[in-house]
Amino acid sequence: TTAIRQLLHDPRRQVVWIGSDHGLCRFHPASGETRCVGTDAGTPGHLRNRSVFALHLDRAGRLWTGTWSGLYQVDPDTLVATIVPREQTDMDDALIFDIAESAEGQLWIGSIDGLIRFTPGQPGEVLRERQGLSNRAIRGIEIDRDGNLWLASIRDVMRFDPLSRTVTTYDHRDGLQGESFYYG
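Conventions we followed
- Residues numbered from 1 in each chain as written.
- Predicted model: local features only at pLDDT ≥ 70, side-chain atom pairs only at ≥ 80, totals over all residues.
- Heavy atoms only, no water.
- Helix = DSSP H or I, 4+ residues; strand = E, 2+ residues; numbered from the N terminus.
- Rg over C-alpha atoms; globule rule 2.2 N^0.38 Å.
- Areas by Shrake-Rupley, 256 points an atom, 1.4 Å probe, with all protein chains shown as cover.
- Lys, Arg positive; Asp, Glu negative; His and termini not counted.
- Charge placed at Lys NZ, Arg CZ, Asp CG, Glu CD.
- Pairing = 2+ DSSP bridges.
- Axes fitted to C-alpha atoms, helices over the stretch in contact; angles between N-to-C directions.
- Buried < 20%, exposed > 50% of the residue type's maximum accessible area, 1.4 Å probe, protein only.
- pLDDT = per-residue confidence, 0-100.
- Salt bridge = Lys/Arg side-chain N within 4 Å of Asp/Glu carboxyl O.

1. Considerations on the overall build of the protein
Scanning the protein from terminus to terminus reveals 1 helix and 16 strands. Computed over the C-alpha atoms, the radius of gyration of the protein is 17 Å, within 12% of the 16 Å expected from 2.2 N^0.38 for a compact globule of 184 residues. Reported as C-alpha extents along the three principal axes, the dimensions of the protein are approximately 50 × 35 × 30 Å. By element, 48% of the accessible surface of the protein is carried by carbon and sulfur atoms, the whole surface being about 9,500 Å². Side-chain charges in the protein split into 20 positive and 25 negative, and the spacing between the mean points of these groups amounts to 2 Å.

Here it is in structure tokens:
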């Protein structure tokens, strides 16, 4: 069986992106056509790892795909995947769980090894315990109207203010139903 982890509606192209443990596919409901990004190592523009955990279509129309082995930008028309270089994420082959975009267009990426502040074409910044997070495994991200990031980790929920760089942690002592949070 195939585990579907993400669905993303693309209103510009009138398609639905499907991320699963078998890769990334584009489904066009009107025609019934499905096309998938290549996963064969011999295919140019392929995904090195088929396990897709996160999908995000940014305001510029770029499709970002988080996999078991890093972040990719996928051309929505040609389905060519390009891995984002380590210099831009400051991480090697990290499992990417979630991608969110701030009102200013800043991408925030939740990974097994930290929260990544990412601007395409620029060096990334990784936030971990040293920078105030209670846990580096960020599995879910939501951004509120004040610009705070709500982060789901394997131990708790955090509210991160990117301007002041302060972190507030919430767990079962604050009335949350558990101590392990997986996806936002």
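Alright, that's what it looks like, and here's the rest.
2. A few points about the sheet that holds strand β6 (residues 63-67)
Pairing between the strands of a sheet is mediated by backbone hydrogen bonds and can be parallel or antiparallel. Here 4 strands make up an open sheet; going across it, the order is β5-β6-β7-β8 and the pairing antiparallel. Looking at strand neighbours, the two that pair on one side only are β5 (52-57) and β8 (81-83), the edges of this open sheet. This sheet shows a mean twist of 25 degrees between the axes of neighbouring strands, independent of strand direction. Here strand β7 (residues 70-74) pairs with β8 via 3 bridges, running antiparallel. Paired with valine 74 across the bridge in β8 is alanine 81.

3. Regarding unusual backbone geometry
Phi at glutamine 14 is positive, roughly 55 degrees, even though this residue is not glycine. In this structure, glutamine 14 sits in the loop between β1 (4-10) and β2 (15-20). Under the relative-accessibility criterion, glutamine 14 is labelled partly exposed at 46%. Despite not being glycine, leucine 79 shows a phi value in the positive range, around 65 degrees. As for its position among the elements, leucine 79 is in the loop between β7 and β8. Exposure remark for leucine 79: the relative accessible area of 6% places this residue in the buried category.

4. Some words on the confidence of the model for the protein
Confidence along the protein averages 90 in pLDDT terms, with 96% of residues attaining 70 or more. Per-element confidence in the protein ranges from a low mean pLDDT of 80 for helix α1 (residues 86-89) to a high of 97 for β2.

5. With respect to the pattern of salt bridges
The full count for this structure, using the stated rule, is 10 salt bridges. Where arginine 117 meets glutamate 125, a salt bridge forms, and the shortest distance between an N and an O atom there is 2.8 Å. Under the relative-accessibility criterion, arginine 117 is labelled partly exposed at 26%.

6. Focus: the pairing of strand β4 (residues 33-36)
Note that strand β3 (residues 23-28) and β4 share 4 bridges and pair antiparallel. Paired with phenylalanine 27 across the strands is threonine 34, a residue of β4. Counted along the chain from β3 to the antiparallel partner β4, the turn is 4 residues long, and its residue glycine 32 has a positive phi close to 80 degrees.

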